[in-house]
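# Commentary on secondary and tertiary structure
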Amino acid sequence: MILQRVGLALTVSVLSIGTFVPAGAQEEPRSAPFTVRPAPRGPEEQSSEPYRGETVVTRSRPEYDPLGIRLGGFYLFPQMNVFQSWNDNIFASKNDEKSDFITNVAPAMSLQSDWGRHALNFSAGSNSAMYSTYTRQDYTEYFANANGRADISNDSALFAGGGYAHRFLFPGTPDFQGAAREPTPYNTANGFLQFNQNFGRIRTVTGGQIERIVYDDDTLQDGSKVSNADDDRTNYIGSVRVGYELFPNYEVFVQGSGNRREYDDHDNVGTLNRSSTGYNAITGVALDLGGVVFGEIYVGYLQQFYDESAYTNTGGVDAGGSLTWNVTTLTTITARASRQISETTQDNVSGIFTTTTSLDVDHELLRNLILNANFAFVSDKYENINRDDEYYITGVGARYLINRNFSANLGYRFVQRDSNLSNEEYTRNLVRIGLQAQL
């Protein structure tokens, strides 16, 4: 059922924890886990007809989709991405803009089970960036993930997974320290457990996640090191969702979650403890109008309580959702909105109240040529200090499917950050061209 799919997607989203980077404000290419999709059993079982709830981007294209490598009960999908970018403001500076060409090499792989019951999936990859002029900005990040599903009965399933990633903070992101001469590395490890149970028209989703974030030291312009140990933390979250199907393909739901964000105790660092406890409560409706319009909308409240009295407790209305409209079989429009209280590594800031809205349009101009245009607005309100940022992000792109083993892509993105602190403002243009190989 499509409502079950939507419900699971929301729960996974709610269980995600971590330092927020505005969508699109981070312009560095990222290595990212594969989207886990059922492995094809063979060309004869693939269909060009769209399934209910699919979009221009997600639907199968049998003549262009990779077949994978059969390994017993699994399919292996290897992939190699190489792309060249030009960034006209790599340091996100207001007045002293520096441009550079960047080459990225990003291999990745996904191993997906092909079983009648249950599922087990693995993915891993890396992304190495090499700057032409400002070579101190070079970096290599990597990730590895695993997840699985145990089908207990027709009405219940258990999901579990975890992963590790080595990432970086870059200029232009909220937490990047301007005095650092190169990107700041950090490591994340996480695990989650989720149980789905249906009772007739009632659907329940219960889950929990733990995430560990550890930052490396910053290297300053003079070569000295600055510790980021006071930013290391462990995040815990639990979530329960109960939905009731009023009639086919219309579900009302309530959802509650609680979190604990526990910062390490580093008394020798001399900074305040930003540990906090919070909750989120929402109610909404999930719908599917024949696979043409589907998604969900919700409204509620979220609150974060800080252990240190020096930090002001933060809360507010939570409203958002995601709606997808398949205008035709060739065009998909997706609108999203969300609010969250994000963690930050900035001194004297308890958190960032972030509001994000976005609009994406995907169009299949030809069977093997997919066009995209997108716009996003992000508002960051810094708690405990007088700072408000607004991001305006727009972009266009095209993906050309050469055959089932090769594709090319071209994209442009513009980012503008406005702020009541004028020295924090910047604009950035990014052009990227790439080639992807897959089996």
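In what follows, the accompanying structure is described. (Residues numbered from 1 in each chain as written. Predicted model: local features only at pLDDT ≥ 70, side-chain atom pairs only at ≥ 80, totals over all residues. Heavy atoms only, no water.)

## Re the pairing of strand β7 (residues 184-199)
Bridging between strand β6 (residues 156-169) and β7 involves 14 bridges; their strand directions are antiparallel. Within the sheet, the bridge partner assigned to Phe159 lies in β7 and is Gln194. As judged from the 14 bridges shared by β7 and strand β8 (residues 202-215), these two strands associate in the antiparallel manner. Across the sheet, residue Asn198 finds its bridge partner in β8, namely Arg203. (Pairing = 2+ DSSP bridges. Helix = DSSP H or I, 4+ residues; strand = E, 2+ residues; numbered from the N terminus.)

## Quick look at the pairing of strand β18 (residues 369-382)
Bridge count between strand β17 (residues 352-366) and β18: 14 bridges; the pairing is antiparallel. Across the sheet, residue Glu364 finds its bridge partner in β18, namely Ile370. The turn linking β17 back onto β18 is made up of 2 residues. Relative to strand β19 (residues 387-401), β18 is paired through 14 bridges, and the arrangement is antiparallel. Looking at β19, one finds that Phe375 is bridged to Thr394.

## What to know about empty space enclosed by the protein
Scanning all chains against the criterion turns up 1 cavity of 30 Å³ or more. The calculated volume of the largest cavity comes to roughly 30 Å³. Forming the walls of the largest cavity are Leu169, Asp175, Gln177, Thr184, Tyr215, Asp218, Asn228, Asp231 and Thr345. Its residues assigned to classes, the lining of the largest cavity comprises 2 nonpolar, 4 polar and 3 charged. (1 Å grid on protein atoms, 1.4 Å probe; cavity = no way out; pocket = protein on both sides within 12 Å on 5 of 7 lines; lining within 4 Å. Points joined across faces, edges and corners; volume = space filled by probe spheres on them. Nonpolar A, V, L, I, M, F, W, Y, C, P; charged D, E, K, R; others polar.)

## Remarks on the pattern of salt bridges
If you walk through the whole model with that rule in mind, you get 24 salt bridges. A salt bridge links Arg203 to Glu251; the shortest N-O distance between them is 2.9 Å. On the criterion of sequence distance, the pair formed by Arg203 in strand β8 and Glu251 in strand β12 (residues 250-263) is long-range, its members being 48 residues apart. Here the two residues Arg203 and Glu251 agree in accessibility, since each one is buried. Taken together, the salt bridges that share partners define one network made up of Arg59, Arg61, Glu63, Glu364 and Arg367. (Salt bridge = Lys/Arg side-chain N within 4 Å of Asp/Glu carboxyl O. Buried < 20%, exposed > 50% of the residue type's maximum accessible area, 1.4 Å probe, protein only.)

## A closer look at the packing of aromatic side chains
The full count for this structure, using the stated rule, is 12 aromatic pairs. Pairing Phe377 with Tyr392 gives two aromatic rings, centres 5.2 Å apart and planes at 50°, and the pair type is tilted. With Phe377 in strand β18 and Tyr392 in strand β19, this residue pair connects regions lying 15 residues apart in the sequence. Looking at Tyr392, the relative accessible area reads 29%, which means it is partly exposed. (Phe/Tyr/Trp six-rings, centres within 6.5 Å; stacked < 30°, edge-to-face > 60°.)

## Side note on unusual backbone geometry
Positive phi values are uncommon outside glycine, yet His118 reaches one of about 65°. Mapped onto the fold, His118 is located in the loop between β3 (100-113) and β4 (119-131). Looking at His118, the relative accessible area reads 32%, which means it is partly exposed.

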